[in-house]
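Each chain is listed here by its residues.
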Amino acid sequence: MSTSILQASNISHGFDYPLFANIDFELKVHESKAILGRSGLGKSTLLHIFSTFIKPNSGYIKLFDRDIYSLDENEIEHIRRYDLGIIFQTHYLFKGMTALENLEIATMLADTNIDNSLIEKLEISDNMYQKIGDLSGGQQQRVSIARVLSKKPKIIFADEPTGNLDKETSYLVMEVLLDYIKNNDASLVWVTHDENMAKFCDKRYLLKNQKLNEI
Ligand SMILES: Nc1ncnc2c1ncn2[C@@H]1O[C@H](COP(=O)(O)OP(=O)(O)O)[C@@H](O)[C@H]1O
Ligand SMILES: [Mg+2]
């Protein structure tokens, strides 16, 4: 299969000064691509642009062949709810609820079912009845990844999701995400400053001098 999931064309953006210009990027089903680059160069901004959250100053983004910044709020909400898996640095779990309840909310909203094999792979089976506030940071992060994948998204945007995890857990998370996209006809954009993690993706790109180039 080579269906295009994400197509970014001629993207330029900046806030107080230009961050990047004329960026093209494409992602097909089953593909994983890593975006590397030093801190402050605009990696997170680019990911927000790709994922419906920031309209770029110029250029267009197509997700599933639809020009996302020309859609109305309801259509964008629909795409966010059913198709996108967003794993950003800060996660938004409900702290007073158990891990299981957090997953149940996600599956209820997306009309999916909890996938026990995913919970086992992420090594959080024993934590399901614990309150989020009682889990370690690394366990919370894995619950939040389980919650995102429970929605069965078609494209995953991950922004340094393993930044606070030890090496072994980081590899585990990477393996789970790559397995997921293979088995669910999905794809992955992974933003990181860690070249070792980036090596696991099909392709690597470097954001530098306002350009995004394959390395
Ligand atoms: N909403 C915003 N308003 C103004 N400036 C912003 C905003 N978001 C990011 N920036 C600035 O854009 C630059 C790039 O930020 P970011 O995309 O987070 O970089 P990276 O993820 O590569 O570290 C930074 O200088 C940051 O302060
Ligand atoms: Mg960032």
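To be clear, the structure that these remarks concern was listed above.
Residues numbered from 1 in each chain as written. Chains lettered and ligands numbered in written order. Predicted model: local features only at pLDDT ≥ 70, side-chain atom pairs only at ≥ 80, totals over all residues.

## Observations regarding the sheet that holds strand β5 (residues 66-67)
Stage number 1. Read from one edge to the other, the open sheet built from four strands follows the order β2-β1-β4-β5, with strand pairing classed as antiparallel. Every interior strand has two partners, whereas the edge strands, β2 (18-28) and β5, have only one.
Stage number 2. Examined bridge by bridge, strand β1 (residues 4-14) and strand β4 (residues 58-63) share five bridges and lie antiparallel to one another. Bridge pairing in β4 places Q7 opposite K62.
Stage number 3. Strands β1, β2 and β4 of the sheet are contacted by helix α1 (residues 43-50), whose axis makes an angle of about 130° with β1. (Pairing = 2+ DSSP bridges. Helix = DSSP H or I, 4+ residues; strand = E, 2+ residues; numbered from the N terminus. Contact = placed C-beta atoms within 7 Å. Axes fitted to C-alpha atoms, helices over the stretch in contact; angles between N-to-C directions.)

## Things to note about the pairing of strand β10 (residues 211-214)
Stage number 1. One ladder, built from four bridges, connects strand β9 (residues 203-208) with β10; its direction is antiparallel. The residue bridging K208 from the neighbouring strand is K211, located in β10.

## Considering the sheet that holds strand β7 (residues 155-159)
Stage number 1. Taken in spatial order, the six strands make up an open sheet running β6-β7-β8-β3-β9-β10, and their pairing is mixed. Lying at the two open borders of the sheet, with one neighbouring strand each, are β6 (84-87) and β10. The average angle at which neighbouring strand axes cross in this sheet is 20°, direction not considered.

## Digging into the site of ligand 1
Stage number 1. Taken together, F15, L19, G37, S39, G40, L41, G42, K43, S44 and T45 make up the full set of residues adjacent to ligand 1.
Stage number 2. It is α1 that provides the largest number of residues to the shell around ligand 1, a total of three residues. (Near = placed C-beta within 6 Å.)

## Description of the environment of I5
Stage number 1. Along the polypeptide, I5 turns up in strand β1.
Stage number 2. By C-beta crowding, I5 is classed as buried, having 22 other C-beta atoms within 10 Å.
Stage number 3. It is 7.8 Å that separates the C-alpha atoms of I5 and K62, two residues lying 57 residues apart in sequence. (Buried ≥ 20, exposed ≤ 12 C-beta atoms within 10 Å, placed from the backbone.)

## Some thoughts on unusual backbone geometry
Stage number 1. Unlike most non-glycine residues, T52 shows phi in positive territory, near 80°.
Stage number 2. Within the secondary structure, T52 sits in the loop between α1 and β4.
Stage number 3. The exposure class assigned to T52 is buried, which follows from the 21 C-beta atoms found within 10 Å.
Stage number 4. In this model, K152 sits at a positive phi of 55°, which is unusual for a non-glycine residue.
Stage number 5. Classification of K152 as partly exposed rests on a count of 19 C-beta atoms within 10 Å.

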